[in-house]
Amino acid sequence: MSAKPTEVAVDYSAYTPTDLLRMEIKCERQEEIPVDLIIQESALIDPDHAQNLAESMMGDRKQISPTTVRARLDGDQVVYDVIDGFHRSEGKRIIENITGEVQFMKTIVLYGCSDEELFDLRVLAASSVKSIKFARMAEWMKRS
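In this report, the structure presented in the accompanying data block is examined. (Residues numbered from 1 in each chain as written. Predicted model: local features only at pLDDT ≥ 70, side-chain atom pairs only at ≥ 80, totals over all residues. Heavy atoms only, no water.)

## Section: the pairing of strand S4 (residues 77-84)
Taken across its eight residues, S4 has six buried, putting it largely inside the fold. The pairing of strand S2 (residues 38-39) with S4 spans two bridges and is parallel. Among the inter-strand pairings, Ile39 is bridged to a residue of S4, identified as Asp81. As paired strands, strand S3 (residues 67-74) and S4 are joined by seven bridges and run antiparallel to one another. Of the residues in S4, the one forming a bridge with Arg70 is Asp81. In textbook terms, the turn of a hairpin is the stretch between consecutive antiparallel strands, and for S3 and S4 this stretch comprises two residues, one of which, Gly75, has a positive phi near 70 degrees. (Buried < 20%, exposed > 50% of the residue type's maximum accessible area, 1.4 Å probe, protein only. Helix = DSSP H or I, 4+ residues; strand = E, 2+ residues; numbered from the N terminus. Pairing = 2+ DSSP bridges.)

What follows is the structure, encoded as structure tokens:
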């Protein structure tokens, strides 16, 4: 019997998002990012669901589940495309509009994620909100 090679966990916490993107490192990590850097696109959102999440996130527990995003460079600025959490992101925008304070999202950020992988992951995550599930999946499958 031969031993399987063990994977060595690499700590990417010392790298900036720009460093990770420029070095084309494929990894993921937990970060808190300003909601203004999250590209919402023209995603289909149920406004009532987003409002309910905003009200929940203004409560004692704030944001419980992280949003999953893909980091990419837009010129020299790092921006984030939502993979899972369109309604949470919109909820945070609602809070920002109400309070006037910059809102930060708890996120899992994927680095080195291609457009194709982004759309594939979105399709997998699209089953969470029934009212927009079909329209989202159709749009993302077409774009993929």
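## Thoughts on the side chain of Asp81
Considering the arrangement of structural elements, one finds Asp81 in strand S4. There is a polar contact of 2.6 Å between the side chain of Asp81 and the side chain of Arg72. (Polar contact = N/O pair within 3.5 Å; in protein donor to acceptor, adjacent residues only side chain to side chain.)

## Some points on the side chain of Gln103
Among the secondary structure elements, Gln103 is positioned in the loop between helix H3 (86-99) and strand S5 (104-111). For Gln103, the contacting residues outside a window of four places in its chain are Ile33, Pro34, Val35, Lys92, Ile95 and Glu96. (Contact = heavy atoms within 4.5 Å.)

## Some remarks on the packing of helix H2 (residues 47-57) against H3
For any two helices packed against each other, the geometry is given by the interaxial angle and the distance between the axes. With their axes 8 Å apart at the nearest point, H2 and H3 run at an angle of 65 degrees to one another. Here the hand of the crossing between H2 and H3 comes out right-handed. Across from His49, Ala50, Gln51, Leu53, Ala54 and Met57 in H2, the residues of H3 making contact are His87, Arg88, Glu90, Gly91, Lys92, Ile94 and Ile95. In terms of residue class, the contact of H2 with H3 is made up of six nonpolar, four polar and three charged. (Axes fitted to C-alpha atoms, helices over the stretch in contact; angles between N-to-C directions. Left-handed = near helix turned anticlockwise from the far one by under 90°. Nonpolar A, V, L, I, M, F, W, Y, C, P; charged D, E, K, R; others polar.)

## A look at the pattern of salt bridges
Tallying each qualifying case throughout the model produces eight salt bridges. Among the ionic pairs, Asp84 bridges to Arg88, the shortest N-O distance being 3.6 Å. Owing to a relative accessible area of 24%, Asp84 belongs among the partly exposed residues under this scheme. On the accessibility criterion, Arg88 (16% relative accessible area) is buried. (Salt bridge = Lys/Arg side-chain N within 4 Å of Asp/Glu carboxyl O.)

## Some words on the sheet that holds S2
The five strands are arranged S1-S5-S3-S4-S2 in an open sheet whose pairing can be described as mixed. The open sheet terminates on both sides in strands that have one partner only, identified here as strand S1 (27-34) and S2. Sheet topology note: the S1/S5 ladder contains eight bridges and is antiparallel. Paired with Arg29 across the two strands is Val109, which belongs to S5. On the sheet, helix H4 (residues 115-125) packs against S3, S4 and S5 and is oriented at approximately 35 degrees with respect to S4.

Function-wise, these values are silent; they only describe arrangement.
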